[in-house]
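Here is how the chains run, residue by residue.
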Amino acid sequence: MGIDLPVIWAIIIAFGLMMYVIMDGFDLGIGILFPFIRDRVDRDVMVNTVAPVWDGNETWLVLGGACLLGAFPLAYSVLLSALYFPLILMLAGLIWRGVAFEFRFKADEAHKPFWDKAFIWGSYIATVSQGVALGAFINGFVVTGPSYEGGPFDWLTPFSVFTGLGLIVAYALLGSTWLIMKTEGALQRRMFSLAKTITIVLLVVIGIISLWTPLVHPEVAARWFVLPNILLFAPVPVLVLLTVWLILRVLTQETMHAAPFLLTLVLLFLGYSGLGISIWPNIIPPSVSIRAAAAPPESMGFLLVGALLIIPTILVYTSWSYYVFRGKVKAGEGYH
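Just so we're clear, the structure is a prediction, and the values are computed from it rather than from any experiment.

Reading the values: rules and limits
Residues numbered from 1 in each chain as written. Predicted model: local features only at pLDDT ≥ 70, side-chain atom pairs only at ≥ 80, totals over all residues. Heavy atoms only, no water. Phe/Tyr/Trp six-rings, centres within 6.5 Å; stacked < 30°, edge-to-face > 60°. Helix = DSSP H or I, 4+ residues; strand = E, 2+ residues; numbered from the N terminus. Buried < 20%, exposed > 50% of the residue type's maximum accessible area, 1.4 Å probe, protein only. Lys NZ or Arg CZ within 6 Å of the ring centre and 35° of its normal. 1 Å grid on protein atoms, 1.4 Å probe; cavity = no way out; pocket = protein on both sides within 12 Å on 5 of 7 lines; lining within 4 Å. Points joined across faces, edges and corners; volume = space filled by probe spheres on them.

Looking at the packing of aromatic side chains
- Applying the stated criterion to the full structure yields 20 aromatic pairs.
- A ring pair is formed by F85 and F153, whose centres lie 5.1 Å apart and whose planes are at 5°; its orientation type is stacked. Placement of the pair is F85 in helix α6 (residues 84-106) and F153 in the loop between β2 (147-148) and α8 (158-182), with a sequence separation of 68 residues.
- Seen from their ring centres, W178 and Y322 are 6.2 Å apart, and the 85° between their planes marks the pair as edge-to-face. Residue W178 is found in helix α8, and its partner Y322 is found in helix α15 (residues 297-324); the two are separated by 144 residues along the sequence.
- In this structure W178 comes out as buried when scored by relative accessible area, which is 5%.
- Through a chain of ring-to-ring contacts, three or more aromatic side chains come together here, namely F26, W178, F261 and Y322.
- Here the basic side chain of R326 rests over the ring of Y323, its NZ or CZ set 4.0 Å away from the ring centre.

Okay, here's the thing in structure tokens:
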């Protein structure tokens, strides 16, 4: 039995995107939380918690895009054509916040507020754009042969706008729980308080999306709510509720600093799993499968050799950077 290259590449791309959501999610979440923290010293501490690692987090986004182009060129062409505007806005937001991230450390007191606002707006624009693209992806695209046949604004729907706003909540929870793990004192207590509210709001968002999607897409409803699938997939929503309960419990106790962040990662992974269950084996919903969009086997096999070298390298240097800069960040300490 030969190697199923389309499945392997689908797993690699899914892994890369999940790593991006996890690692750049709390990074973007810090910018999302900036409006709720007015103290300049606290803002500096928030940024310093990610200063040594933030730019490396986006490596996973580049990896996912490059792998999609090489392994599934049809999907790459259709998705970029369909999502041109939100992806351009996302990149603009990421560039703007990256510039603001660096310049706010160099700016004098008169100009720091400008760069703080730039950091906030870049974080919100990038996050909303990602969420809108996700919602449009779930809704699916009109594809004829190898071409996208929809309009330039088909991505803009009430559902995609809601997922854009929902992703703000998800990244805010990642950011707040990251800061609980990396800070102390008044800032940490503020994050404990904010995280409780954000967790409840995120549960509501997950519930609405989980109901909205099968109501609009019969194929998703058939995937989740017919036997034996309903029994096989029932653990996912049960685990979501259990994880939310555990998050709220550890946030109330305020004694475990790493647990809220780790549990939030579990919650996002469960949501990501639910998305995978809903669309599998399609890479362009609602009807283009990974096999239909796959590159020739020779190309996928050749690229796999490179991926098996690059991905472990990225994992090693990412793990090492997080290990080196582990521990709490205090006021007056920084990496700039």
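Description of the layout of surface pockets
- Looking at the second largest pocket, its volume works out to about 190 Å³.
- Looking at the second largest pocket, the residues that line it are M19, I22, M23, F26, W178, M181, F261, L262, L265 and Y322.
- Of all the elements in the fold, those that place two or more residues in the lining of the second largest pocket are α1 (5-33), α8 and α13 (259-279).
- Counting residues per element, the lining of the second largest pocket draws most heavily on α1, which supplies four residues.

That is the geometry; function is a separate question.
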